[in-house]
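Survey of secondary and tertiary structure
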Amino acid sequence: MTPPPLQDFLDGLIADGVFGALPPAIVYALGIVTVAAVVIFGFVLNVAGVTTFIERRVWARIQSRIGPNRVGPQGILQWLADGIKLLMKEELIPAAADPRLFKLAPYVVVMGFVAAFVAIPFSSVLIAADLDVGVLYITSVTSLVVVGILMAGWASNNKWSLIGGIRAAAQIVSYEIPAALSIFPIVLISGTLSTQGIIQAQGWAPWNWFIFYSPFTFVAFWVLFTALLAEGNRTPFDLPEAESELVAGFVTEYSGARYLFFFLVEWGNLYIIGALMVILFLGGWQVPPVTDNAVLLNLLQLVTFVAKAYLGVLIIMWIRATLPRIRVDQLMSTCWKYLVPISFVNFLGTAVWVALWPHGNRPVWSLMTLLGFALAGYFFYRVGFHLRRSRSELLLSPFS
Amino acid sequence: MAASVREYLRNIAETAMTAFEGMAVTCSHFLRRPSTVQYPDRMPLRVQDTLPFRYRGILEVDLEICTGCLACERACPIDCIVIDAPKDKQTKQMLLTRFDIDIAKCMYCGLCSEPCPTGAIHHTPEFEGADFSLESMVRRYVKEPVAAYKPKKVETDPAVAPILERGMRYLDEFASPDAPGGAVEPDETESAA
Amino acid sequence: MSLAGYEVAVEQVGPHGLETEEMTLNMGPQHPSTHGVLRFVVKADGEVMRQAIPDVGYLHRSIEKIAEKVGYHGFMPYTDRVDYVAAMFCNQGWASVAEKLGDITVPKRGEYCRVIAAELNRIASHLLSVGTMVLDIGAITPFFHAFREREKLNDLLEELCGSRLTYNYMRIGGVAWDLPPGYAEKVLAFLDRFEPMLAEYDDLISANKIYVERCAGVAIIGREDAFAYNLVGPNLRAAGVRYDVRRDEPYSVYPELEFDVPVGPGEHGVVGDSYARYAVRIREMTQSARILRQCFRQMPDGPVIAKVPRKFRPPAGDAQVRVESARGDMGWYAVSDGTEFPYRCKVRTGSFAAMAIIDKVSAGLMLADLVTVIASLDIVAPEVDR
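Residues numbered from 1 in each chain as written. Chains lettered and ligands numbered in written order. Predicted model: local features only at pLDDT ≥ 70, side-chain atom pairs only at ≥ 80, totals over all residues. Heavy atoms only, no water.

**Section: the interface of chain B and chain C**
The partner chain C presents 49 residues to the 42 residues of chain B that form the contact. Linking B:Glu14 and C:Lys209 is a salt bridge whose minimum nitrogen-to-oxygen distance equals 3.1 Å. Taken together, the connections running from chain B to chain C amount to 18 residue pairs in polar contact (both at pLDDT 80 or more). Ranked by the residues each element gives to the side of chain B that touches chain C, the list is headed by helix H1 (residues 5-30) of chain B, at 9 residues. A class-by-class count of the residues in the side of chain B that touches chain C yields 20 nonpolar, 11 polar and 11 charged. (Contact = heavy atoms within 4.5 Å. Salt bridge = Lys/Arg side-chain N within 4 Å of Asp/Glu carboxyl O. Polar contact = N/O pair within 3.5 Å; in protein donor to acceptor, adjacent residues only side chain to side chain. Helix = DSSP H or I, 4+ residues; strand = E, 2+ residues; numbered from the N terminus. Nonpolar A, V, L, I, M, F, W, Y, C, P; charged D, E, K, R; others polar.)

**Let's talk about the interface of chain A and chain B**
Taken together, the 29 residues of chain A in the interface contact 26 residues of chain B. Roughly 2900 Å² of surface becomes buried between chain A and chain B when both sides are summed, with 63% attributable to carbon and sulfur atoms. A per-residue breakdown of the area chain A buries against chain B is headed by A:Arg61, A:Arg70 and A:Tyr338, which together make up 20% of the total. At the junction of chain A and chain B, the tally comes to 3 salt bridges. (Buried area = accessible area lost by both parts, 1.4 Å probe.)

**Some words on the nonpolar core**
The nonpolar side chains of soluble globular proteins are, as a tendency, buried together. Residues A:Tyr271, A:Leu280 and A:Phe281 are the most contacted members of the largest nonpolar core, which totals 104 residues. By residue number, the principal contributor to this core is helix H11 (residues 257-281) of chain A, which donates 14 residues. Ignoring any residue separated from it by four or fewer positions in sequence, one finds A:Tyr271 in contact with A:Phe43, A:Val47, A:Phe117, A:Phe122, A:Phe305, A:Val306, A:Ala309, A:Tyr310 and A:Val313. C:Ala87, C:Tyr167, C:Cys215 and C:Phe259 belong to the second largest nonpolar core, which has 102 residues in total. (Core = buried A, V, L, I, M, F, W, Y, C linked by side-chain atoms within 4.5 Å. Buried < 20%, exposed > 50% of the residue type's maximum accessible area, 1.4 Å probe, protein only.)

**Comments concerning the sheet that holds strand S6 (residues 317-325) of chain C**
All names here are of chain C. Strand order in this open sheet of 3 strands is S6-S7-S8, and the pairing throughout is antiparallel. Each having just a single partner strand, S6 and strand S8 (344-348) make up the two edges of the open sheet. Neighbour to neighbour, the strand axes of the sheet diverge by 15° on average, direction disregarded. In the packing of helix H1 (residues 63-74) onto the sheet, the strands contacted are strand S7 (328-336) and S8, and the crossing angle to S8 comes to about 130°. (Pairing = 2+ DSSP bridges. Axes fitted to C-alpha atoms, helices over the stretch in contact; angles between N-to-C directions.)

**Here's the deal with the packing of helix H4 (residues 108-137) of chain C against helix H13 (residues 367-376) of chain C**
Residues and elements named next belong to chain C. Remark: H4 packs on H13, axes separated minimally by 9 Å, with the N-to-C direction vectors making an angle of 175°. Relative to H13, the element H4 is oriented roughly antiparallel. Judged by residue contacts, Met-133, Asp-136 and Ile-137 of H4 engage Val-371, Thr-372, Ala-375 and Ser-376 from H13. For the contact of H4 with H13, the residue count by class is 4 nonpolar, 2 polar and 1 charged. (Parallel < 35°, antiparallel > 145°, perpendicular 65-115°, else oblique.)

**Thoughts on the pattern of salt bridges**
The tally for this structure, following the rule as stated, stands at 57 salt bridges over all chains. Between A:Arg327 and C:Asp369 there is a salt bridge whose closest N-O contact spans 2.8 Å. In this pair, A:Arg327 sits in the loop between helix H12 (294-322) and helix H13 (328-356) while C:Asp369 sits in helix H13, so the two residues belong to two different chains. In this structure C:Asp369 comes out as buried when scored by relative accessible area, which is 3%. C:Arg344 is the salt-bridge partner of C:Glu64, the closest N and O atoms lying 3.2 Å from each other. With C:Glu64 in helix H1 and C:Arg344 in strand S8, this residue pair connects regions lying 280 residues apart in the sequence. What makes C:Glu64 buried here is its relative accessible area of 13%. Connected through shared salt-bridge partners, C:Glu119, C:Arg122, C:Arg237, C:Asp244, C:Arg246, C:Glu284 and C:Glu324 make up one network.

Here's what the structure looks like:
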């Protein structure tokens, strides 16, 4: 079904006779497809591509290097060059592989990834479809990638790929539980599953964000973050594609455009993780009401949302550069023995909290905000300590 | 697996604290100057000019001071030097007709430059020898037959003297059983071991 | 490679009435985390290994045979290639065995130059070892930090002898070049910057809970196994045996130097596990820094090389020498028949024995642990195959 603003807009065009004798259902379908294409080609692919470049530059600075800086000014066209190169590569299908599954797997994975963008808002009106079950829809549809990964691992006819695919299946399916359980507290507090509804239940200022609502939601934030990292196959949970053990895991036999699809999904998923954290815990696109102009306000909201989500993406890249990889049995025990009990405690605690204080406990909320900022302050103090101890030369500009 | 509630909580706390500290270290690295040198175009000097004097790059032969003693050919452990130094029948002088070094075979060990009496064969700071054909890997230093150099007590020929001086300076770097090694001044500001 | 004798009976009916089959994987010569060209035939039941059979020989270059062709002096650059990660020790081993055959004494300053070069190389080799170990476990950043420090060491060694990896620094009777002017200041400045970097390394990765969980308790090799399989060096010391050739069968000027011999366990884990092997290497780097500072203080003046004839003809006989390389006790054995070409040269390296113990230790480990074990034993392919 088309979202109301789009439907009104298209109805106006039909009344003007723009579409001639086409039945309205076809017009609506065309409208949806156009919106989807704009979102995908205008935003998703570019974000995924630029994220690969930014990741390489961020890692490089963390590793005392520079990173790609030759293709285009400061190297910003590197991702285009890589994409074009991958598209021009030879298509290899191993002789004993299952050709239909092998070719189908990347598309299933991309489907699972792109479909999630339907319910992710960019501002108060810019959303492809404000579903009433938005958050539930996102978590369910991102699980489709498991099917694709298993297909890739099996169809490659390569034992290492098979191990990678099975690990991925175990990992993604297991970590769905703590992820969903950590979303429930937010649903309890805001009373709705719709993404726009959750954002509207928060405010623009940090002391109105759900992350500081209560100690339970604070812990739920970190549990959700960990679980989403595992869903996205990111270190410390990148066993399915552990480079040093399995060559490249389930994508070992893929080359060219199919490889490009898998990697677009991986890096695009970072944005979904960031967006989900921002929607649920960090206030979404809320901005202080600085202007009455709707277009300007929406633009401001768009910029705020993308910036906050991208900050989450940067943190994920930063985590990948810092932490090692955990082993598959430790992954399972972390999920089932640690994250699941903790998320149950969060869920019950939040239920009790909401029962006691339906509109939130203002003092605790503000206190948690202060504690959060104190933690961030302590973090930067430790950063300064390490800088002082190493006595190295500083370069604060990200360019070089 | 955690045997008690205390160990369970300690596991969680340790994970969080060590991850926090690790992230602080990497964040501090993000603010530091990277140690990459952007070779070869964004450097103030050519790399070859920044290398130490003892650097063992591609070999070079100064035929003006080569005596034709074949000590380098004998010393090479991988047989990459081929020299032809016949005696000219008329003038009874030793001529150098061929001095080929195969830089693809050469292992840049420096054993040939040690026994040279004048420092004619020496390593240069040049290291970029990649090329597209195997034949270009054989450097032929003799263009036309030249007379071998006869070492004199004091070299007066102005064309040869600077080359000989550089060759002898190269040889001086090598340790010899007679030359005493230099003293190393202890550093006053070193920290305690 | 024939697998005759290695077949394991395939279970057709598992414990719950299901048909199971063992998976034979090939962790082939080309793999991102076998250190060099090593091959393992892994029989695994899903993620858990039953056996990991090592297959060596992919980097065999007949170096020992070449010694018989090029002579004593000419063999020195080839010894660099026996273990190119820690080449100074190989140089030292060959020079020492030739000196023992020919009854040559190295001047005191020459011995100090050898120790300085060797300890610098030990730090460089251990940096490579711990860097690649953390990289295999998944932490990509500390690898680059370790290599950044290693680059500075490479620059120092380049100034000393002209080359960054295959040094050919030592000669029979001493060393080829004396220390260049200003070298002591440069090395001491490097050490002053290096020790805080090691502390930072510890903060970043050594204490990290995920890293500790990956390494602690994995592949415990106790004293008896270590002795039975001839493990040496940090692998042996991690098993709790305080044995170091520099201390127990001293050579060169090590009797005049003060240093500790670190043994396992590390701060976490138990004696003989992968974490202990890692921690021993980190602590050995600090000890090497200590040795270097003492050397610069104690170095006497004098020549650095003894008089050795160009045609070196030691009397017929044989000699054996052991040096404490970065990977442990490296044994050099040479037989002379009176000519200027040795009759036989044999090298005994620590990595070869470490390859053998992987077969024993890998039963019951997971696939991810195999990578940890290989990395923690610090196996380098050139040393295994020569």
